[in-house]
Amino acid sequence: MSVLSMKVTQCSLLAAILVVYAQEAFSQPIPQECSVIPAKSEQWPTFRRNNRRSATKKPGSLIGKPTLLWKVDTGDVVESSPTIVNDLVYVGTFNSKLMSIEADSGDVAWEFPVGGLLRSSPSVVDDLVYFGADDNTFYAVHAKTGKACWRFLLGGGGQQSSPAIVDGVVYFGAFDNNVYALDARTGEEKWAFPTRGGILSSPAVSGGTVFIGSADGFLYALKATSGELLWSFETGDTVFSSPTVHDGLVYFGSDDGNVRALRAADGTLVWRFFTRGRVFATPTFHDGVVYFGSLSKLFYAVDAKTGEELWRADLNDVIFGSAAVTDDLAIVGSSDGVLYALSTVDGTVAWTFEVGENVNVWSSPAVSGNNVYFGAHDGFVYAITLS
């Protein structure tokens, strides 16, 4: 049994206990609505930076020598990918809490305890932080204070899909097999779409359509306003990978070892690329190239239109995390304890930052200016800067 499968099984067995914990933790009434304060700026406000999950960043230079800016001990594994808004870093931990950390200093601004581990990444919109946990609950809390705004109880299995917020609606999947759409202000359910498997994939939303994968082996396209099924595409295995949408194409990976490009309009297959290993990571589109890694230990760059391989790089161990891409670099972690920066031209290593021998770096990096933020299985959240 894989490490991921073991964790999912453990979460399922503990679901009932975690729900009781969460209900006790929130015995005080939670307001149905919270005040909305517009954010000053949105630097990296959601998993993969935007609701298309593109994870690209043009401003700032990441060429140079990486040095440690700070690291914060969370007390347990960090697989959540950080989000950054208004100089605060938000990240979940296996220590059953969401943390808000000052981006420049590493000082902890606040912590919000929950009843289960947090694997997914939070999303920040209008000064509210949205996230789910393995206590079968989805939360909205105030970004500046960590005060609870509302919660939404899910079925068993937990919640590890990172939310997308579009036009006042929160979209995410859960291990109770459902895709949900909730009112962002109140947490009221707008619709739910049932799949036949648990959902770890995070939704991409583009053109009024929600794209999301499921453990039942399908990628789904749903109408954002109603949850109506527009089309579905069957792969050969689980789809834990989150889709990326660009120029009318949807890119995603599957545990059958393939990365695919489909037409967003109707789900027609455009191309398929076999990676020699399961694909957990989300592909990244940048300037006509799609970047992704797999459990084959290889990281690839392929032509976005044809799927033709441009280059590959061996990162010494399996790759679970997704890359952040700039004009010059693709930045991604590996299970060998190293964060790599690869040249987008040919895949050669521009720089590395070593966390520790065989420390899994499954968190996908977030970029703000000349800084890169990520988590690791040693329990730390890292901030490095390039000089």
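This structure is a prediction, so every number in the text was calculated from the model and none was measured.

Asks: Can you walk me through the side chain of Ser-100 in this structure?
Replies: Among the structural elements, Ser-100 can be located in strand β5 (residues 97-102). Excluding residues within four positions of it along the chain, Ser-100 makes contact with Leu-88, Val-89, Tyr-90, Asp-107, Val-108, Ala-109, Trp-110 and Ala-143.

Asks: Honestly, unusual backbone geometry in this entry has me stumped. Any pointers?
Replies: Phi is mostly negative for residues that are not glycine, and the peptide bonds are mostly trans. Look at Asp-127: it is not a glycine, yet its phi comes out positive at around 65 degrees. We note that Asp-167 has phi near 50 degrees; this positive angle belongs to a residue other than glycine. Exposure remark for Asp-167: the relative accessible area of 78% places this residue in the exposed category.

Asks: Could you clarify how one ought to interpret the sheet that holds strand β24 (residues 289-293) in this entry?
Replies: Sheet strands associate in pairs through backbone hydrogen bonding, adopting either a parallel or an antiparallel arrangement. Here four strands make up an open sheet; going across it, the order is β23-β24-β25-β26 and the pairing antiparallel. Lying at the two open borders of the sheet, with one neighbouring strand each, are β23 (284-286) and β26 (309-314). Taken over all neighbouring pairs, the strand axes of this sheet differ in orientation by 20 degrees on average, direction set aside. The sheet contact formed by β24 and strand β25 (residues 298-303) spans five bridges and is antiparallel.

Asks: Teacher, can you tell me more about the pattern of salt bridges here?
Replies: A side chain with one charge can pair with a side chain of the opposite charge if their charged atoms come near. Under the counting rule described, the total for this entry stands at five salt bridges. Here Glu-79 makes a salt bridge to Arg-119, at a shortest N to O gap of 2.6 Å. In this pair, Glu-79 is assigned in the loop between β2 (66-73) and β3 (83-85) and Arg-119 in the loop between β6 (108-113) and β7 (123-125), connecting sequence segments 40 residues apart. In this pair, the class of Glu-79 matches that of Arg-119, namely buried. Two residues, Arg-260 and Asp-256, come together in a salt bridge whose shortest N-O distance is 2.8 Å. For the pair shown, Arg-260 and Asp-256 are each scored as buried.

How each quantity is defined
Residues numbered from 1 in each chain as written. Predicted model: local features only at pLDDT ≥ 70, side-chain atom pairs only at ≥ 80, totals over all residues. Heavy atoms only, no water. Helix = DSSP H or I, 4+ residues; strand = E, 2+ residues; numbered from the N terminus. Contact = heavy atoms within 4.5 Å. Buried < 20%, exposed > 50% of the residue type's maximum accessible area, 1.4 Å probe, protein only. Pairing = 2+ DSSP bridges. Axes fitted to C-alpha atoms, helices over the stretch in contact; angles between N-to-C directions. Salt bridge = Lys/Arg side-chain N within 4 Å of Asp/Glu carboxyl O.

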